[in-house]
Amino acid sequence: MSITLVNPCNERKPTASVAPRRQSLAGATVALLDISKPGGNFFLDRLERLLLERYAVARVTRVTKPTYTKPAPEELLQTLRSADAVVEALAD
Amino acid sequence: MIEPGHKAPHFSPKTGHGESCLLVFLETDCPTCRLAMPYLNRLAEQTAQVIGISQDSETLTRQFAEQTSAAFPVEVDSNLQLTRAYDPIAVPAFVLVGSDGYVKRAQIGFDKDELNAIAAEMGRRPIADGHDGVPQRKPGCSSRHLQPSDSGASPEPLNVYATRGTRASRIDISEDPYEYCIREFGDPLPVIPPSVERVERMMGGLDPAQVIGMIPPCYGEATVEKIAANAVMAGCEPQMMEVLLPLVRAVCDERLNIHGVQGTTHFAAPLIIVNGPVRRKLGFACGQNVFSNVARANSTLGRALQLILRNLGGARPDGIDMSTLGNPGKFAYCIGENEEESPWEPLHVQLGFRPDQSTITLFAGEAPHGVSEHFARSAKGVLKAISHALATVWSYRACMGHEALVVLGLEHVRTIHRDGFSKQDVCEFLFNNTGVPVRAYDDHEGGEGMGQMHLYREITIDGERCCQKFRSPESIGIVVAGGGAGKFSAVIGSWATGPRGSQRVTYPCP
């Protein structure tokens, strides 16, 4: 039995690509993104300390999404683009 | 919507100072309108004539213009007079009027190529960079003039973005098509294989490449052909396309925020509520077993939406859809209001539609929570029982942040109506009598909802101090449905609500 089907799925190819990986965090600017979930700041506070103490990071930028329920606004993404690396705290 | 070549209504060449002029219809709470503003500012800064036409109040419009640093005048369209004359189905809507007062271009939704084409036609430099991080295209929100009952407009569900998508690819298979479809693109239940012939029958001569929406979170292109293929799989009859196309538009309305609903760990799933004559025409169940497997129309429309969200939106339940416990409504979640047996005006009439219009409403809700009350003999008695269930929405001690839909069964409705309550009275009674006793917060361990207690309103219910559960009577929606026997109703809790969560949306069916 042979049949021709209409593809019902999304066929758009993703256009985003993975940014080049860093070999080291020394001297880098790292952005920490809090998506506004409860508890995210505890995790990121600790991470900020570790990054500065152990990994010789030059600067840590803290960024907070207005709400976890929606995609980040454009201005926030612009801030993240200026960093060398981003760590996102996703859940509670 | 007005088309190129027509004379622009209420427009004098003086308005455009002898040059072509871009009219932009917008709503102050539409995220796509806000997204478009920096690009329009760029156009205005090149001395092009741009006029914003706001569908909102003076105050909101002034705030919007300030927040977006509007570099061009934004006028208030009182009584939506201009909007009705130009008849856009969605905002933002762009109408380019030539110096001769005739429409040169008309476009709905955000589209960078189209914005650059408008700039070029006005003799200005391009305004939208393809690589500035903003999506190439973004759907807008339903135009306000399609909401009131006296609009007289006939919504055209297809001409939404005036953009054409890519045709679906064809897949030749020689194995059992049922097994293939279950494996490759269904929910785990069998589907009808979307053969070329069946999909064509489903489209019934509509333009296959017309884009109806881009489905979050992966923004797959929902062309008429892709929607039809999923409708075939769900078992829809071809007539269902007249409801399914506006439904796809509604699910893409940013106010519903399906992006968040599909990704959340919460239980939420979009519940479809069908109102108006289309219920009878297509056989939607409104009575006995309304939430279950009683009618082909409810089951297949609900399932078609879920398949579209999964296959085109990419929210797979083993991936991006992160719901901790899920929701049985993710197979199909669709009810009709039992308008014939309700003494009150139906939901869509409450919202300003005419009784002879048909609408679909989407509400991001949990599974129904049953309320049995077989002994109360008065409206207040029945509503008290429902208020206790309402107090548990989201989490018992969390107040003010969430909403609920109450689906009243017919026996309860009769008791309530006999005591002279209107639908509005029901909302107000439930609002004033749903609360969480203050003593429930006397807990040293803390817990969800306790940290915000200082923001809650204190009220007295039956002599007890309580925190009021909801923000306003409008936080409680009322729908009448179900069969004639049994004193049952149901409470459906919401997901996060308001502009930062999901807002209920209602769209007309043509």
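Residues numbered from 1 in each chain as written. Chains lettered and ligands numbered in written order. Predicted model: local features only at pLDDT ≥ 70, side-chain atom pairs only at ≥ 80, totals over all residues.

Regarding the overall build of chain A
Alright, step 1. Secondary structure summary: chain A contains two helices and four strands in total.
Alright, step 2. Counted from the first residue to the last, chain A has its helices and strands arranged as β-β-α-β-α-β.
Alright, step 3. Scaling as 2.2 N^0.38, a compact globule of 92 residues should have a C-alpha radius of gyration of about 12 Å, whereas chain A reaches 18 Å, well beyond that.
Alright, step 4. Projected onto the principal axes, the alpha-carbon positions of chain A cover approximately 65 × 30 × 25 Å.
Alright, step 5. In chain A, which comprises 92 residues, the proportion classed as buried is 15%.
Alright, step 6. Sequence-distant contacts in chain A: of pairs separated by 6 or more residues, those separated by 24 or more amount to 76%. (Helix = DSSP H or I, 4+ residues; strand = E, 2+ residues; numbered from the N terminus. Rg over C-alpha atoms; globule rule 2.2 N^0.38 Å. Buried ≥ 20, exposed ≤ 12 C-beta atoms within 10 Å, placed from the backbone. Contact = placed C-beta atoms within 7 Å.)

Here's the deal with the packing of helix H7 (residues 224–234) of chain B against helix H8 (residues 241–251) of chain B
Residue and element names in this part refer to chain B.
Alright, step 1. Two elements in contact, H7 and H8, have axes separated by 11 Å at closest approach and are oriented at 120°. Of the possible angle classes, the one that applies to H7 and H8 is oblique. Remark: the crossing between H7 and H8 carries right-handed chirality. The residues of H8 that touch H7, namely those facing Ile 227, Ala 228 and Ala 231, are Met 241, Leu 244, Leu 245 and Val 248.
Alright, step 2. Each residue belonging to the contact of H7 with H8 can be placed in one class, and the counts come to seven nonpolar, no polar and no charged. (Axes fitted to C-alpha atoms, helices over the stretch in contact; angles between N-to-C directions. Parallel < 35°, antiparallel > 145°, perpendicular 65-115°, else oblique. Left-handed = near helix turned anticlockwise from the far one by under 90°. Nonpolar A, V, L, I, M, F, W, Y, C, P; charged D, E, K, R; others polar.)

Concerning the environment of Ser 494 of chain B
Residue and element names in this part refer to chain B.
Alright, step 1. Of note, Ser 494 is situated in the loop between strand S22 (488–493) and strand S23 (505–509).
Alright, step 2. Residues Ser 494 and Arg 303 lie 191 residues apart in sequence; the distance between their C-alpha atoms is 20 Å.
Alright, step 3. Leaving out residues up to four positions away in the same chain, Ser 494 has contacts with Ala 364, Gly 365, His 402, Glu 403 and Ala 404.

Regarding the interface of chain A and chain B
It is common to report an interface's size as the accessible area lost on association of the parts.
Alright, step 1. In this assembly, 18 residues from chain A lie in contact with 34 residues from chain B.
Alright, step 2. Counting residues per element, the side of chain A that touches chain B draws most heavily on strand S1 (residues 3–6) of chain A, which supplies four residues.
Alright, step 3. Looking at the side of chain A that touches chain B residue by residue, the classes come out as eight nonpolar, six polar and four charged.
Alright, step 4. Strand direction decides the pairing type here: S1 of chain A and strand S10 (residues 170–173) of chain B, joined by four bridges, are antiparallel. Among the inter-strand pairings, Val 6 of chain A is bridged to a residue of S10 of chain B, identified as Arg 170 of chain B. (Pairing = 2+ DSSP bridges.)

Quick word on the domain arrangement of chain B
Alright, step 1. We note that the domain assignment places domain 1 (21–146), domain 2 (177–365) and domain 3 (369–493) within chain B.
Alright, step 2. The C-alpha-based centres of domain 1 of chain B and domain 3 of chain B are spaced at 42 Å. (Domains from an automatic or database assignment.)

Details of the packing of helix H13 (residues 379–390) of chain B against helix H15 (residues 423–433) of chain B
Residue and element names in this part refer to chain B.
Alright, step 1. Packing of H13 against H15 brings their axes to within 9 Å, and their N-to-C directions diverge by 55°. The orientation of H13 with respect to H15, classified from their angle, is oblique. Crossing geometry of H13 relative to H15 is assigned as right-handed. Of the residues in H15, those in contact with Leu 383, Lys 384, Ile 386, Ser 387 and Leu 390 of H13 are Val 426, Phe 429, Leu 430 and Asn 433.

Topic: the sheet that holds strand S21 (residues 476–480) of chain B
Residues and elements named next belong to chain B.
Alright, step 1. What the four strands build is an open sheet, ordered S16-S22-S17-S21; its pairing is mixed. Among the strands making up the open sheet, the edge pair consists of strand S16 (369–372) and S21. Across the sheet, the mean angle separating the axes of adjacent strands is 25° when strand polarity is ignored.
Alright, step 2. As defined by bridge partners, S16 adjoins S22 across four bridges and the pair is classed as antiparallel. Considered in S22, the bridge of Ser 372 is made with Phe 488.

Here's the deal with the sheet that holds strand S20 (residues 464–468) of chain B
Residue and element names in this part refer to chain B.
Alright, step 1. Spatially, the three strands line up as an open sheet ordered S18-S20-S19, and their pairing is antiparallel. Edge strands, defined here as strands with exactly one partner in the open sheet, are strand S18 (435–437) and strand S19 (458–461). Along the sheet, successive strands turn relative to each other by an average axial angle of 50°, direction set aside.
Alright, step 2. Bridge count between S19 and S20: four bridges; the pairing is antiparallel. Bridge assignment links Ile 459 to a residue of S20, and that residue is Cys 466.

Focus: the nonpolar core
Residues and elements named next belong to chain B.
Alright, step 1. One finds Ala 231, Leu 244 and Ile 272 to be the most contacted residues of the largest nonpolar core, which totals 114 residues.
Alright, step 2. Residue contacts for Ala 231: discarding those within four places in its chain leaves Met 202, Cys 236, Met 240, Met 241, Leu 244 and Ala 304.
Alright, step 3. Membership of the second largest hydrophobic core comes to 41 residues, among which are Tyr 86, Leu 96, Val 103 and Cys 141. (Core = buried A, V, L, I, M, F, W, Y, C linked by C-beta atoms within 7 Å.)

What to know about H15 of chain B
Alright, step 1. All of the buried residues along H15 of chain B are Lys 423, Val 426, Cys 427, Phe 429, Leu 430, Phe 431 and Asn 433 of chain B.
Alright, step 2. For H15 of chain B, the secondary structure elements touched by its buried residues are helix H12 (347–350), H13, strand S17 (404–408), helix H14 (410–418), S19 and S21 of chain B.

Brief notes about helix H1 (residues 31–45) of chain B
All names here are of chain B.
Alright, step 1. Its 15 residues give H1 an end-to-end C-alpha distance of 22 Å, which sits within 8% of 21 Å, the value for a rise of 1.5 Å per residue.
Alright, step 2. If you check which residues of H1 are buried, you get Thr 32, Cys 33, Ala 36, Met 37, Tyr 39, Leu 40, Arg 42 and Leu 43.
Alright, step 3. Backbone geometry just downstream of H1 places Thr 47 in the positive-phi region, at approximately 60°. (Expected span 1.5 Å × (residues − 1).)

Notes on unusual backbone geometry
Alright, step 1. A cis amide bond links Val 91 of chain B to the next residue, Pro 92 of chain B, at an omega of -5°.
Alright, step 2. Among the structural elements, Pro 92 of chain B can be located in the loop between strand S4 (90–91) and strand S5 (93–97).
Alright, step 3. The peptide bond linking Pro 216 of chain B to Pro 217 of chain B adopts the cis configuration, its omega dihedral lying at 0°.
Alright, step 4. Examined against the element boundaries, Pro 217 of chain B turns out to sit in the loop between strand S11 (211–215) and strand S12 (220–223).
Alright, step 5. Notably, Ser 36 of chain A is not glycine yet its phi reads approximately 75°, a positive angle.
Alright, step 6. Along the chain, Ser 36 of chain A turns up in the loop between strand S2 (29–34) and helix H1 (40–54).
Alright, step 7. A count of 15 C-beta atoms within 10 Å places Ser 36 of chain A in the partly exposed class.
Alright, step 8. One non-glycine residue, Asp 462 of chain B, adopts positive backbone phi at about 50°.

Structural notes on the confidence of the model for chain A
Alright, step 1. Across chain A, the average pLDDT comes to 90, with 100% of residues at or above 70.
Alright, step 2. Between the elements of chain A, mean pLDDT differs from a low of 88, seen in helix H2 (residues 74–81) of chain A, to a high of 97, seen in S1 of chain A. (pLDDT = per-residue confidence, 0-100.)

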